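Summary of structural features
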Amino acid sequence: MSQIKHPESLMMTHGYKPELSEGAVKPPIFQTSTFAFKTAEEGKAFFEVAYGIREKEKNEELGLIYSRINNPNLQILEERLCLWDKADDCAVFESGMSAISTVLLEFLKPGDLLLHSLPVYGGTDHFINHFLKEIGVHSIGFRADQGKDEIIALIEESGLQDKLALVYIETPANPTNTLIDIEMCKSLTEYFRRDEKSIKLAVDNTYMGPLWSHPLKHGADLVIYSATKYIGGHSDLIAGAVLGKADSMSRVKVLRTFLGNMASPHTCWLLLRSLETLKIRMEQQAKSAEAIAAFLVEHPKVLKVHYLGLIKESSPSYAVYKKQYSSPGAMIAFDIDGDEAAAFRFLNKLSLVKLAVSLGSTESLVQHPASMTHIGIDSDLKIKMGISERLIRFSVGVEHPEDLIADMSHALEAI
Ligand SMILES: *Cc1c(COP(=O)(O)O)cnc(C)c1O
């Protein structure tokens, strides 16, 4: 058989054997909580592996036990997701937040220090500053515009440098599309490493993955997704995923087994269907985004467009952009010439484009970060990060770009 080079060629078939399911071309939904063992010996062997009592033998596959531990829909989905990020293993969760909180809980213990980029997703921010803080996990946030030396100084000034256990970043930063250098963050984990125990680097890749950015290649230990966004892509489910190297992933999977926050067979089945069109959806979205950004940048009511395709070669971000991303993506933010009331008039006048949070779906969505997704952030910090009342975030869908531009053009007149 010839070598298959492109993950999209395998999204319909990989990891599924029709002969095990009456020849069905598509995997059925394995709506079952438990699986029958052929013999008691087999049941014992499966449990020994699942509970880490012994290592898997060469060519041994973990048999099906119970749907909190494994299920065919979950396993097929995890195997297919591994292909995009070239990961050793994947764990799919019932939400992006459960993926994120499981990683934070596994790699941080009371007294440890977490270094994270700013801003992070609102739910992540809340988990860090409330739950983790209350159990004694310290955290330091840095902005995308702060360089390596400044970040090192922040950590050293805290006196907690010996406690650094995890670096967690989101790039491009939501909603401003500011970039963070993954390799620079990896070098921070090396700089502060004290002994054998390594400091892990986790990257929330929801905005640009799994198609256009592969953080594991740049030194990340774990890559995290809200699969609710591009991977699901139809605004009809909530899910999350974590991928990475085998040693980190076995820890994530064991904690998932005991928190019980894996995705259900039905959600996994829907995600398998989504993966078949992932590439063509994302490519069309990126193509339309390019046309929309070109329209916005020329519009007299628009002051600035934050879109990766408009980063100037003279900007320090340009090298990071070229190194980390193979496309400018399909997320655009822009500053309108006006205040909150003007922004709201614009939002209220759109008709094809829907006013809703979330992103990455087939339908275009628009929202006002300062008063919606990022309302909880301290106002000084919001201004420093460019989240002003002028800022609009636009997630480009698969509608024809001409129709999207016509809708925007009409609504911009209201400003
Ligand atoms: C939506 C989102 C999350 C949270 O995911 P849920 O699936 O809503 O739990 C985390 N990170 C980013 C960047 C997101 O956009």
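Everything quoted here is computed from the prediction, not taken from an experiment. (Residues numbered from 1 in each chain as written. Predicted model: local features only at pLDDT ≥ 70, side-chain atom pairs only at ≥ 80, totals over all residues. Heavy atoms only, no water.)

Re the overall build of the protein
What counts, and what does not: What counts as a helix is a DSSP run of H or I of at least four residues, what counts as a strand is a run of E of at least two, and both are numbered from the N terminus. The quantity called the radius of gyration is restricted to C-alpha atoms. Its globule counterpart is 2.2 Å times the number of residues to the power 0.38. Exposure is judged per residue with a 1.4 Å probe applied to protein chains only, and the accessible area is read against the type maximum: over 50% gives exposed, under 20% gives buried, and values in between give partly exposed. In what follows, residue pairs with any heavy atoms lying within 4.5 Å of each other are defined as contacts.
If you tally the helices and strands in the protein, you get 13 helices and 12 strands. Taking 415 residues into account, the globule formula puts the C-alpha radius of gyration at 22 Å, and the protein, at 22 Å, falls close to it. Along the first, second and third principal axes, the C-alpha set of the protein runs to 75 × 55 × 40 Å. Looking at the protein as a whole, 53% of its 415 residues are labelled buried. Contacts spanning at least 24 positions in sequence make up 73% of the contacts within the protein whose residues lie at least 6 apart.

Here we look at the pairing of strand S3 (residues 138-143)
Inclusion rule: A pair of strands is considered paired only if DSSP assigns at least 2 bridges between the two. For a crossover, the right-handed case is the one in which the path from the first strand over the helix to the second runs clockwise, viewed with the strands pointing away from the viewer.
Here strand S2 (residues 113-118) pairs with S3 via 6 bridges, running parallel. When the bridges of S3 are listed, Leu115 appears paired with Ile140. Traced from S2 through helix H4 (residues 122-134) to S3, the parallel crossover comes out right-handed.

Let's talk about a nonpolar patch on the surface
Worth spelling out the cut-off: Note that patches include only residues with greater than 30% relative accessible area and no salt bridge, and the join distances are 9 Å for like charges and 5 Å for nonpolar side chains (Val, Leu, Ile, Met, Phe, Trp, Tyr). Accessible surface area values rest on a Shrake-Rupley calculation with a 1.4 Å probe, where residue burial reflects the displayed protein chains alone. Salt bridge criterion: a side-chain nitrogen from Lys or Arg within 4 Å of a carboxyl oxygen from Asp or Glu.
A grouping of Phe37, Phe47, Tyr51, Ile53, Val254 and Phe258 is seen on the molecular surface, where their side chains present a nonpolar patch of about 600 Å² in accessible area. In this structure, Tyr51 sits in the loop between helix H1 (40-50) and helix H2 (72-85).

What to know about the side chain of Arg256
Heads up, the rule is: What qualifies as a polar contact is a pair of N or O atoms within 3.5 Å, subject to a donor-acceptor requirement within protein and to the restriction that residues adjacent in sequence count only when both atoms come from side chains.
Residue position: Arg256 is located in helix H7 (residues 246-259). Side chain to side chain, Arg256 and Glu78 meet in a polar contact 2.9 Å long. Setting aside residues no more than four positions away along its own chain, Arg256 makes contact with Ile69, Leu74, Glu78, Ala91, Val92, Phe93, Thr102, Asn261 and Met262.

Here we look at the site of the ligand
Applied cut-off: Being near a molecule or strand, for a residue, means having at least one of its heavy atoms within 4 Å of it.
As a structural note, the neighbourhood of the ligand is formed by 14 residues, with Met97, Asp204, Ser226, Thr228 and Lys229 the closest of them. Look at the ligand: alone it shows 380 Å² of surface, and the protein chains cover 93% of it. Examining the composition of the shell around the ligand, we find that 3 residues originate from one element, helix H3 (residues 96-107), more than from any other.

A closer look at the domain arrangement of the protein
What counts is decided by this rule: Annotation comment: domain bounds sourced from an automatic or database domain assignment. Throughout, buried area stands for the accessible area (probe radius 1.4 Å) lost by two parts on being put together, summed over both. When residues are grouped by polarity, Ala, Val, Leu, Ile, Met, Phe, Trp, Tyr, Cys and Pro land in nonpolar, Asp, Glu, Lys and Arg in charged, and all others, Gly among them, in polar.
Taken domain by domain, the protein comprises domain 1 (67-275) and domain 2 (278-412). Computed from C-alpha coordinates alone, the two centres of domain 1 and domain 2 are separated by 24 Å. Across the boundary between the two partners, domain 1 contributes 32 residues, which contact 41 residues of domain 2. Here domain 1 and domain 2 share an interface that buries about 3,200 Å² over both sides, 63% of which is from carbon and sulfur atoms. Of all residues in domain 1, the largest losses of buried area upon contact with domain 2 belong to Leu179, Trp212 and Tyr230, amounting jointly to 24% of the total for that side. Across the contact surface, domain 1 and domain 2 share 20 residue pairs in polar contact (both at pLDDT 80 or more). Those elements that place two or more of their residues in the side of domain 1 that touches domain 2 are helix H6 (182-191) and helix H8 (265-276). For the side of domain 1 that touches domain 2, the per-class residue count stands at 16 nonpolar, 12 polar and 4 charged.

Observations regarding the nonpolar core
Under the convention used in this document: Nonpolar core, defined: a set of buried Ala, Val, Leu, Ile, Met, Phe, Trp, Tyr and Cys residues in which side-chain atoms within 4.5 Å join the residues together.
Ranked by internal contacts, the top residues of the largest apolar core, which has 70 residues, are Leu296, Ile332, Phe334 and Phe346. Among the elements that make up this core, the one with the highest residue count is helix H9 (residues 278-298) (8 residues). Here this core spans two domains, since at least three of its residues come from each of domain 1 (67-275) and domain 2 (278-412). The next biggest cluster of nonpolar side chains, apart from the first, holds 23 residues, and it includes Ile100, Val103, Val120 and Phe127.

Some thoughts on unusual backbone geometry
Here the amide bond leading from Leu118 into Pro119 is cis, since omega sits at -10°, within 30 degrees of zero. Tracing the backbone through its elements, the reader meets Pro119 in the loop between S2 and H4. With omega at -5°, the peptide bond leading from Thr171 into Pro172 counts as cis. Note on placement: Pro172 falls in the loop between strand S4 (164-170) and H6. Here Ser235, not a glycine, exhibits a phi torsion of approximately 50°, which is positive. Structurally, the position occupied by Ser235 is in the loop between strand S6 (222-226) and strand S7 (240-244). Of note, the phi angle at Ser358 is positive, near 85°, even though the residue is not glycine.

Digging into the layout of surface pockets
Sizing a probe to match a water molecule and rolling it over the atoms shows the empty space that remains. The line we're drawing: Here the term cavity refers to a set of points on a 1 Å grid, laid over the protein atoms alone, in which a 1.4 Å probe fits but cannot get out; the term pocket refers to an open set having protein on both sides within 12 Å along at least five of seven lines, with lining residues being those that place an atom within 4 Å of a point. Grid points are joined across faces, edges and corners, and a volume is the space filled by probe spheres set on the points.
Of the volumes computed, that of the largest pocket is approximately 900 Å³. Around the largest pocket, the lining comprises 25 residues; the ones closest to its centre are Val49, Lys56, Leu62, Asp89 and Lys253. For the lining of the largest pocket, the elements supplying multiple residues, two or more each, are H1, H2, strand S1 (89-93) and H7. Among the elements that make up the lining of the largest pocket, the one with the highest residue count is H7 (7 residues).

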